[in-house]
Amino acid sequence: MIGDRSNGEVDAVVVGSGPNGLAAALVLAGAGLRVEVHEAADTAGGGARTAETTLPGFRHDLCSVAHPMALASPFFRAFGLARRVELLQPEIAYAQPLDDGPAGLAWRDLDRTAAGLGRDGAAWRALFGPLVERWQGLVDTVLADGRRPPADPLTALRLALRTAELGTPAWSARLRGGTARALLAGVAAHAVRPPRELAPAGAALLLGTLAHAVGWPVPRGGSQAVTDAMTAELTRRGGRIVTGHPVGALTDLPLARAVLLDTSPAGLLRIAGRRLPDRYARRLRGYRYGAGVCRVDFALAGPVPWRDPDCARAGTLHLSGTRAQTLAAEREIAAGRHAEHPYVLTVQPGVVDDSRAPAGHHTLYSYAHVPHGSTADLAGTVTAQVERFAPGFRDLVLAHRTTTAADLATHNANYVGGDVGAGAMTLRQTLLRPVPALDPYATPLPGLYLCSAAAPPGPGVHGMSGLHAAGRALRQVFGITTAPLELAAGRDLGGRRNDIPG
């Protein structure tokens, strides 16, 4: 038993109510266990929350905005997210504006995307086409726990070969034109690493495939809708959520047979450090955190006036220019320096969701990559980067709100130093997080598990770290062998499939 008997007794406790924590709680509750979720913030959701941070009536997401993995992940497909939340699809999943020509555009339609890339169109189709055709096999491979053979070996092999190609100098043989190269570099930089590395290459292939297979949707009303759907179902299953309760030690929790931590390794050390073996604790202290982000929320008097009008149809835009410019900016950040023209990611949910701002107005979500722990307010830099591709943008700004990388960690303890990926996306930490182990979710303390993005399969709103950790706890602690995905689906689905519509 873990916890303090004076606090009451439950079967399982989850610390942290981000998507992974809630996924774990839903699986455990689906098995009939008494489950409590304890959250430090006053609202549940972690990185999937929405609030009026600038002006009344302007709703801004606090971290995640577009959700390709939420729509595609096995957990959310089983959970039936698409029937619980209205997921709105921009025509263009992501765009890469350029200074001296039309933007690179990743349409939902692969053929339309290829047609817009000219001489690189056939190469783009050859790169992504086989992965798009078998996207479920790709997702199942990437979002697995990494401890068993892939269910779709052919797709896994294709992914490995393409990752090796794009993460090495061999990338230059595939794409020749500047637009296609820039478009690929922009999506690779989601890993907050220089694009010419294996982990960013894998991120580019996954996210690029999902753009053409399921899109990059935004939930109507904000990412809070995803959290609200999960918390409502958890309550229906008998679970309980306690907000406003920071957990500093295991004794702050009710007595339970299993405790699952949706925290960073630093959080695991803080909560259980004295009870962990020294060798394991030393490994956790060696866990590397990556670069941070500086988030800037904008309330706008109208839509962003992009120089390329097609950008007004994109949900997400990567503002970093050419491939060379993206690579140079990311190398500066990796070296611990602020880039003069940093990679800026923006999302304009108003393209498809008119509920985010008062009539005729818009919100713009943005963040810039910055060194780990940066205290710099980059509102001016971000504004200039948007203005670079959308002249007149600054005249539309009614208000803005900056959250520095250092401030992110004060609002969400999992974002150590502003690292929203819960750990540096190096090749080693992509494959072996949080420490090299046969079971990355279990800790040496019986009944204690890690279920956050610091465990496989890593960052993203997919719930799979929570699902995998909950599956371990069910088997090892409670002797329950029901497949976690069946428990994620719950009793109300009646055996129906949850295929993605369209």
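Everything numeric here is computed off the predicted structure, so don't read it as measured data. (Residues numbered from 1 in each chain as written. Predicted model: local features only at pLDDT ≥ 70, side-chain atom pairs only at ≥ 80, totals over all residues. Heavy atoms only, no water.)

1. Quick word on the overall build of the chain
Scanning the chain from N- to C-terminus turns up 19 helices and 18 strands. For the chain, the C-alpha radius of gyration of 22 Å lies close to 23 Å, the compact-globule estimate for 502 residues. Overall size of the chain, expressed as C-alpha extent along the three principal axes, is 65 × 50 × 45 Å. Per-residue burial over the chain gives 62% buried out of 502 residues. Counting every atom, the chain has about 18,500 Å² of accessible surface; 52% of that belongs to carbon and sulfur. (Helix = DSSP H or I, 4+ residues; strand = E, 2+ residues; numbered from the N terminus. Rg over C-alpha atoms; globule rule 2.2 N^0.38 Å. Buried < 20%, exposed > 50% of the residue type's maximum accessible area, 1.4 Å probe, protein only. Areas by Shrake-Rupley, 256 points an atom, 1.4 Å probe, with all protein chains shown as cover.)

2. A look at the packing of helix 6 (residues 121-133) against helix 10 (residues 198-213)
The description of two helices packed together rests on the angle between their axes and the distance between the axes. Remark: helix 6 packs on helix 10, axes separated minimally by 9 Å, with the N-to-C direction vectors making an angle of 75°. Taken together, the axes of helix 6 and helix 10 lie roughly perpendicular to each other. Where helix 6 approaches helix 10, its residues Trp 124, Leu 127, Phe 128, Leu 131 and Val 132 are matched on the opposing element by Ala 204, Leu 205, Gly 208, Thr 209, His 212 and Ala 213. (Axes fitted to C-alpha atoms, helices over the stretch in contact; angles between N-to-C directions. Parallel < 35°, antiparallel > 145°, perpendicular 65-115°, else oblique. Contact = heavy atoms within 4.5 Å.)

3. Concerning helix 8 (residues 153-166)
Taking 1.5 Å of rise per residue, the 14 residues of helix 8 would be expected to cover 20 Å, and the 20 Å separating its terminal C-alpha atoms lies within 8% of that figure. Packing partners of the buried residues in helix 8 comprise helix 6, helix 7 (135-142), helix 9 (178-188) and helix 10. (Expected span 1.5 Å × (residues − 1).)

4. Concerning the nonpolar core
The biggest cluster of nonpolar side chains holds 106 residues, and the ones touching the most others in it are Phe 75, Trp 124, Leu 260 and Leu 448. Leave out the neighbours within four places in its chain, and Trp 124 touches Tyr 94, Leu 110, Thr 113, Leu 117, Gly 129, Leu 175, Ala 180, Leu 183, Leu 184 and His 212. Among the nonpolar cores identified, the runner-up in size contains 27 residues, and Ala 103, Val 304, Val 386 and Ala 390 belong to it. (Core = buried A, V, L, I, M, F, W, Y, C linked by side-chain atoms within 4.5 Å.)

5. Looking at the layout of surface pockets
Taken as a whole, the second largest pocket holds about 240 Å³ of empty space. As for the second largest pocket, its lining consists of 14 residues, and the residues nearest its centre are Arg 49, Leu 62, Arg 295, Thr 403 and His 411. Those elements giving two or more residues to the lining of the second largest pocket turn out to be strand 17 (397-403) and helix 16 (405-411). Split by residue class, the lining of the second largest pocket holds 5 nonpolar, 6 polar and 3 charged. (1 Å grid on protein atoms, 1.4 Å probe; cavity = no way out; pocket = protein on both sides within 12 Å on 5 of 7 lines; lining within 4 Å. Points joined across faces, edges and corners; volume = space filled by probe spheres on them. Nonpolar A, V, L, I, M, F, W, Y, C, P; charged D, E, K, R; others polar.)

6. Let's talk about the sheet that holds strand 8 (residues 104-107)
As summarised here, the arrangement of the 7 strands in space is 8-7-14-15-16-13-17, forming an open sheet in which the pairing is mixed. Where the open sheet ends on each side, the last strands, each with one partner, are strand 8 and strand 17. Neighbouring strand axes in the sheet, compared pairwise and without regard to direction, differ in orientation by 20° on average. Here helix 9 sits on the sheet in contact with strand 7 (92-96), strand 8 and strand 14 (314-319), set at roughly 110° to strand 7. (Pairing = 2+ DSSP bridges.)

7. Topic: the pattern of salt bridges
Tallied over the entire structure, the rule returns 21 salt bridges. Two residues, Arg 34 and Asp 11, come together in a salt bridge whose shortest N-O distance is 3.2 Å. With Arg 34 in the loop between helix 1 (19-30) and strand 3 (35-38) and Asp 11 in the loop between strand 1 (4-9) and strand 2 (12-15), this pair connects stretches of sequence that are 23 residues apart. Of the residues examined, Arg 34 reaches a relative accessible area of 46% and is grouped as partly exposed. A salt bridge links Glu 36 to Arg 240; its shortest N-O distance comes to 3.0 Å. Separated by 204 residues along the polypeptide, Glu 36 in strand 3 and Arg 240 in strand 10 (residues 240-242) bring together distant segments of the chain. The class for Arg 240 is partly exposed, based on a relative accessible area of 47%. Residues joined in a network through salt bridges with shared partners are Asp 61, Glu 86, Arg 220, Asp 353, Asp 354 and Arg 356. (Salt bridge = Lys/Arg side-chain N within 4 Å of Asp/Glu carboxyl O.)

8. A word on the sheet that holds strand 2
Strand pairs in the sheet, formed through backbone hydrogen bonds, run parallel or antiparallel to each other. What the 5 strands build is an open sheet, ordered 10-3-2-12-18; its pairing is parallel. Both outer strands of the open sheet, strand 10 and strand 18 (448-450), are each paired with one neighbouring strand and no more. Averaged over neighbouring strand pairs, the angle between their axes works out to 20° when direction is ignored. The sheet contact formed by strand 12 (residues 258-261) and strand 18 spans 3 bridges and is parallel. Residue pairing across strands places Val 259 opposite Leu 448, the latter belonging to strand 18.

9. Some words on the side chain of Glu 36
Residue classification places Glu 36 among the buried residues on the basis of a relative accessible area of 12%. At 2.8 Å, the side chain of Glu 36 forms a polar contact with the side chain of His 38. Look past the residues within four positions of Glu 36 in its chain and what remains in contact with it is Val 10, Ala 12, Val 13, Val 14, Arg 240, Val 242 and Pro 254. (Polar contact = N/O pair within 3.5 Å; in protein donor to acceptor, adjacent residues only side chain to side chain.)

10. Focus: the environment of Arg 394
When you line up the elements, Arg 394 lands in the loop between helix 15 (379-389) and strand 17. Taking the C-alpha atoms as reference, Arg 394 lies 9.8 Å from Gly 380; in sequence the two are 14 residues apart. Those residues in contact with Arg 394 that sit more than four places away from it in its chain are Thr 383, Ala 384 and Glu 387.

11. Let's talk about a nonpolar patch on the surface
Side chains of Leu 427, Leu 431 and Leu 432 sit close together on the surface and give an oily, nonpolar patch of about 250 Å² of accessible area. Mapped onto the fold, Leu 432 is located in the loop between helix 17 (427-431) and strand 18. (Patch = residues over 30% accessible without salt bridge, like charges linked within 9 Å, V, L, I, M, F, W, Y side chains within 5 Å.)

12. Describing the environment of Ala 24
Along the chain, Ala 24 falls in helix 1. The exposure class of Ala 24 is buried, given its relative accessible area of 0%. In this structure the C-alpha to C-alpha distance between Ala 24 and Val 416, which are 392 residues apart in sequence, comes to 22 Å. Once residues lying within four places of it in the same chain are set aside, the contact partners of Ala 24 are Val 14, Leu 260, Cys 451, Gly 466 and Ala 470.

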